[in-house]
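# A look at the structure
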Amino acid sequence: MSLSSLLQSCIQQTKETLISMVDIDGQGHRLVHLDLKGAPPRINYYEQLFPLIRSFGATGLLIEYEDMFPYHGKLKHLQALNAYTPDDIAKLHSIAEVNNLIVIPLVQTFGHFEYVLKHDENRALREVEHYPNALCPTHPDAFPLVTKLITQVLELHPKDKHLHIGADEVWHIGRCPRCQDEIESHKITTNDLFLMWVLRLAKWIKAKYPHLTLIMWDDMMRQIPLEKLLNSGIGEVVEPMIWQYHAKKFDFPLDLFSRYGTVFDGLWVASAFKGATGSTQFIPPIQHHINNHLTWITTLAEHKHQFKKYRGICITGWQRYDHYAVLCELLPVGIPSLCLCLRVLTHESFTETDHDSVSQQLGFSHRINVIPFPRPQVIEQGMQFPGYRVYIGVQMWSNFVCKYQAISNSEGMLGWFSDYQRSKNFTNPVQVESIMKPLQEVLQNLTELRSHFIPWLLEIFYEDTVEEWVGSFIDPLLEKLSQVIEECRKQINIGGRVKNYKKIES
C-alpha cells in the first residue's frame, strides 16, 4: 500500500471511530429527523444544512424516505416522480460523512404504511380494506413485501450501523378476518400479534444484517406488561425510541422507564422541533419545542439510571401528520427552532445568552421570536441561514392571512357586508368602499409575494412541493380576496338601493 493510500485509510478509520464514539460522550447522540414524505429538499440543500446543524451539536440524521427512495423492480411503483436517485443517496451520505453525521434510515414496516397501501397493487395487504394506514401482519404477501423494502434501502446504506423500523401508531390491529382467526385460534391478544410481527421481522433483519442495531418507536409497547415483553424476547433484537412532544407534562405510564430498562439493552428518546403542534401549523411555536426539550432533560436526569445504555435523542421534524395530510411547517421555517433546540440539548438549559447566541449566529438582528402572536410579525432582513428566504416568505404570507382575518372580522365587514346583506343587495357604498380598499391592498401584496415566493421555494424544493404549497395556501386566499372584492364592486355599483333591488341591465 502506498504512503498516500495508507494515510487516507488512517484518516477514514479515525473519522469512523470519532463518529461511532459520539454516542458515548455522556449525552448520547443528537439525531435530526428528516421527514421526506412531504416537501423533500433537493439534495444540494443538505450541503448548506448539514454543516449548520453539526455546528449546533447534531451528531446524526434519521432519514424517513417513504416514497422518496428509488425503489426498483416490482417496487418501482412506490417511488414518487421526483424520488432521489441512487447517486443522490450516495451524495447525501458523502455530505453527512464530511460533517461527521451518522445516517440512520427509517423504513416504516407496520403502521403509517400509506405510501405503500395507497396503491391498488398492495391494497389487499391492508388491515382494514378502506383504511391505508396499517399493514395486515398475517397476510402471506406482507412479510415478503416488507423484506424487499428493507433490502433495497439497505443496498444503498451499506455502511450504516442502525436501521429504524418504525412500527408506531399501528391503528386497527387485529381487525381483518385473518387476524381475528389468528387471535381466536391461538388465544392471543392484539399486543401478541404486534410483538409477533416485530419479532419475526427483526430476527430476519438481524440474521441477514448482523451488524445493524435496530430501533423502533415505542408507543405500541407502552401498555404491554413487563412479563410479556421479557418472555417475547423483543429486548434481544430491537431498541425502543420513546417519543413525546408535549411541552411540559409527559403522560407516560409510571413504570415505563423501569420496564423498558429491564427489557432492553439500549434506549433512545425523541423530541420535536416542528410538525408536532398541529397539522396546519405553518410557523413553529418555538417556546413549546424549547420546553419539550427542557422537560426531556429533566425526565432523563430522573430516569436515565434505569437504562442499561442511553443511546441519545432524535429531534423529529414532521412534514405532514400522515401521507395524506397537508404540509405543515416547511423545513427552512423550522431551522431557528431546530438550532435553538440543539442549543438547549448541548447546554442542558435555555438562558438569555443561549437565545442571543443562536439568534446572532442565524443573522437575526433581534432575538428570534419564540412565542407566536396572532398578529402580523416584523420581518427580519439580515438572516443568513439555509432557506431564510422561504422563512421570510412564510412569515409574510402569515402576516397577510392575519390582515385578511382582521378585515373579515372587522365591524365594517360584519356590520355592513354580511352574507345576508349581500344576498339582498342592501349595502351602503360608504361602508363598502372602506372595506374594499384594505382588501385590495392585501390582494396586491399577496400577488406580489407569490411572484417572489415561487422562485424562493424552487431553490430548495421540487416543483410538486411548490405547486402543493402555493395551491393549498396562497391561491385559495387570492381567489377568496378576488371574489370578495368583486362583490364589493357589485354593491358599490348598485349604489345603496332598497332591499332586494335588482339592477336592470340595458
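## Things to note about the pattern of salt bridges
Counted by the stated rule, this structure contains 16 salt bridges. As a salt-bridge pair, R422 and D419 come within 2.9 Å of each other at their nearest N and O atoms. Taken together, the residues R422 and D419, both in helix α15 (residues 419–423) and three residues apart, mark about one turn of the helix. The exposure class of R422 is buried, given its relative accessible area of 17%. Judged by its relative accessible area of 60%, D419 falls in the exposed class. Overlapping salt bridges, with partners in common, bring together E352, D356 and R367 in one network.

## Let's talk about the packing of aromatic side chains
Taken as a whole and assessed by the stated rule, the structure comprises 29 aromatic pairs. A connected cluster of aromatic rings, assembled from ring pairs, spans F110, F143, F194, W197, W204 and Y209. Stacked on the ring of F143, the Lys or Arg R200 has its end atom at 3.9 Å from the ring centre. The cationic tip of R222 hangs over the ring face of W243; the distance from NZ or CZ to the ring centre is 5.0 Å.

## Details of the environment of F264
Within the secondary structure, F264 is located in the loop between α9 (256–263) and β9 (266–274). Linking F264 and L457, residues 193 residues apart in sequence, is a C-alpha distance of 43 Å. Every residue in contact with F264, bar those within four places of it in the chain, is listed here: M221, I234, G235, V238, P240 and K308.

## A few points about the side chain of R259
Checked against the element boundaries, R259 lands in helix α9. Leave out the neighbours within four places in its chain, and R259 touches M221, R222, Q223, I224, P225, L226, L229 and P253.

## As for the environment of A96
By secondary structure assignment, the location of A96 is in helix α3 (residues 86–98). For A96, a relative accessible area of 0% translates into the label buried.

## Thoughts on the pairing of strand β8 (residues 239–243)
Counted residue by residue, β8 has five buried out of five residues, so it is predominantly covered. Burial of the side chains of β8 extends over both faces: E239, M241 and W243 are buried on one face and P240 and I242 on the other. Across three bridges, strand β7 (residues 213–217) lies against β8 in parallel orientation. Bridge pairing in β8 links I215 to E239. Sheet topology places β8 next to β9; three bridges connect them, and they run parallel. Paired with M241 across the bridge in β9 is W268.

## Topic: the side chain of D160
Residue placement: D160 occurs in the loop between α5 (142–155) and β6 (162–164). One buried charged residue, D160, forms no salt bridge at all, with the nearest opposite charge on K161 at 7.1 Å. A distance of 2.8 Å separates a polar atom in the side chain of D160 from a polar atom in the side chain of H93. A distance of 2.5 Å separates the side chain of D160 from the side chain of H157, its partner in a polar contact. The contacts of D160, once residues within four sequence positions are left out, are H93, V103, P105, H211 and L212.

## Details of helix α17 (residues 463–494)
Between the first and last C-alpha of α17 there are 44 Å, a value that for 32 residues agrees with the 46 Å anticipated at 1.5 Å per step. The largest bend along α17 measures about 45° and falls at G471. Taken from the residues just after α17, G495 is the one with a positive phi, measuring 85°.

## Brief notes about the environment of R389
Mapping R389 onto the fold places it in helix α13 (residues 388–408). Considering only alpha carbons, one finds R389 and F453, 64 residues apart in sequence, at a separation of 8.1 Å. The contacts of R389, once residues within four sequence positions are left out, are F453, W456 and E459. A polar atom in the side chain of R389 sits 3.4 Å from the side chain of Y388.

## Things to note about the confidence of the model for the chain
The share of residues in the chain with pLDDT of 70 or more is 92%, and the mean pLDDT across the chain is 93. Segment residues 9–24 is flagged for pLDDT under 50; beyond a separation of four residues in sequence, or across chains, it makes 12 contacts in the model.

The rules we used
- Throughout, residues of each chain are indexed from 1 in the direction in which the sequence is written.
- Local features in this predicted model are restricted to residues of pLDDT 70 or higher, and side-chain atom pairs are both shown and tallied only at a pLDDT of 80 or more, whereas totals for entire chains, interfaces and linings draw on every residue.
- Side-chain figures throughout are based on the complete set of non-hydrogen atoms in the structure, without hydrogens or water.
- What makes a salt bridge here is a side-chain nitrogen of Lys or Arg within 4 Å of a carboxyl oxygen of Asp or Glu, nothing more.
- What counts as a helix is a DSSP run of H or I of at least four residues, what counts as a strand is a run of E of at least two, and both are numbered from the N terminus.
- Accessibility here uses a 1.4 Å probe with only protein chains present; expressed as a share of the type maximum, an area under 20% marks a residue as buried, one over 50% as exposed, and anything in between as partly exposed.
- Aromatic pairing here means that ring centres of Phe, Tyr or Trp (its six-membered ring) are within 6.5 Å. Orientation follows from the plane angle: under 30 degrees is stacked, over 60 is edge-to-face, and everything else is tilted.
- For a Lys NZ or an Arg CZ to count as sitting over a ring, it must be within 6 Å of the ring centre and within 35 degrees of the ring normal.
- Note on definitions: a residue-residue contact is assigned when non-hydrogen atoms from the two residues lie within 4.5 Å.
- Two strands qualify as a pair provided that DSSP identifies no fewer than 2 bridges between them.
- Under this rule, positive means Lys or Arg and negative means Asp or Glu; His and the chain ends count for nothing.
- N or O atoms within 3.5 Å of each other form a polar contact, as long as, within protein, one can give a hydrogen and the other can take it, and as long as residues adjacent in sequence are counted only when both atoms are side-chain atoms.
- Here, expected helix span is obtained from the residue count minus one, scaled by 1.5 Å.
- Axes are fitted to the seven residues ending at a residue and to the seven starting at it; the angle between these axes is taken as the bend at that residue.
- Confidence of the predictor in every single residue is expressed as pLDDT, which spans 0 to 100.

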